[in-house]
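Chain by chain, the residues:
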Amino acid sequence: MQAFKRLSPAVFLAALLALAGCASTESQKSTGEYIDDAAITAKVETALIRDDSLDAIDINIETYKGVVQLSGFVDSREDVREAEDVAREVAGVVDVKNDLEVKGDD
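Residues numbered from 1 in each chain as written. Predicted model: local features only at pLDDT ≥ 70, side-chain atom pairs only at ≥ 80, totals over all residues. Heavy atoms only, no water.

(A) Molecular detail of the overall build of the chain. Looking only at helices and strands, one finds three helices and three strands in the chain. In the chain, the succession of α and β elements from N to C terminus is α-α-β-β-α-β. For the chain, the residues scored as buried account for 26% of the 106 residues in total. Of the contacts formed within the chain by residues at least 6 apart in sequence, a portion of 61% connects residues at least 24 apart. For the chain, the accessible surface area stands at approximately 7400 Å², while carbon and sulfur atoms represent 55% of it. (Helix = DSSP H or I, 4+ residues; strand = E, 2+ residues; numbered from the N terminus. Buried < 20%, exposed > 50% of the residue type's maximum accessible area, 1.4 Å probe, protein only. Contact = heavy atoms within 4.5 Å. Areas by Shrake-Rupley, 256 points an atom, 1.4 Å probe, with all protein chains shown as cover.)

(B) How the structure looks around unusual backbone geometry. Even without being glycine, K65 reaches a positive phi, approximately 55°. With a relative accessible area of 28%, K65 lands in the partly exposed category.

(C) Fine view of helix α2 (residues 31-50). Helix length check: α2, at 20 residues, gives a terminal C-alpha distance of 29 Å against a target of 28 Å (1.5 Å per residue), a fit within 8%. For α2, the complete set of buried residues consists of D37, I40, T41, V44 and L48. Along α2, the residues classed as buried sweep out an arc of 105° about the axis, all on the same side. Away from the buried face of α2 by more than 90 degrees, exposed residues T31, I35, I49 and R50 are located. Contacts from the buried residues of α2 go to β1 (59-64), β2 (67-74) and α3 (77-88). (Expected span 1.5 Å × (residues − 1). Arc of directions from axis to C-beta.)

(D) Fine view of the pattern of salt bridges. Here the structure, examined in full by the defined rule, presents six salt bridges. D58 is the salt-bridge partner of K103, the closest N and O atoms lying 3.2 Å from each other. Note that K103 is positioned in the segment after β3 (95-102) and D58 in the loop between α2 and β1, a separation of 45 residues in sequence. Between D95 and K97 there is a salt bridge whose closest N-O contact spans 3.5 Å. By relative accessible area, D95 is classed as partly exposed at 26%. (Salt bridge = Lys/Arg side-chain N within 4 Å of Asp/Glu carboxyl O.)

(E) Inspection of the sheet that holds β1 at higher detail. The sheet built from three strands is open, its strands ordered β1-β2-β3 with mixed pairing. Because the sheet does not close on itself, it has two edges, and the strands there are β1 and β3. Looking at each pair of strands side by side, their axes are set apart by 10° on average, direction ignored. Judged from the six bridges that link them, β1 and β2 form a sheet pairing that is antiparallel. Bridge pairing in β2 places N60 opposite S71. Where α2 meets the sheet, its contacts fall on β1 and β2, and the angle it forms with β1 comes to roughly 155°. Across the sheet, α3 is in contact with β1, β2 and β3; its angle to β3 comes to roughly 160°. (Pairing = 2+ DSSP bridges. Axes fitted to C-alpha atoms, helices over the stretch in contact; angles between N-to-C directions.)

The structure is reproduced here in structure tokens:
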């Protein structure tokens with residue numbers, strides 16, 4: 001029985017450390033955040049593809065903790081604004097960082 005009492009805090013500590021490994025930090029996402037971000041990325045991609053005024057083939061989308069980053073190339077400045085507007089309307093998007101560039105614009 002004495003050995004069991006010594007083992008219990010060790011087991012508790014191991015479980016606590018394991019749970020902490022699943023938690024979010026400033027620079028890492030939790031498993032839930034990773035799944036949420038993947039879903040947001042997919043929804044933004046679908047919304048951009050469905051927008052008839054945009055050619056979304058050259059638009060890259062990355063999501064980190066609900067913040068969507070758009071990068072790549074579009075045909076006009078209007079497309080830059082349109083892509084950002086479409087992304088902002090997607091449920092779960094916290095903010096949009098728009099790094100899109102106009103093709104041929106130097």
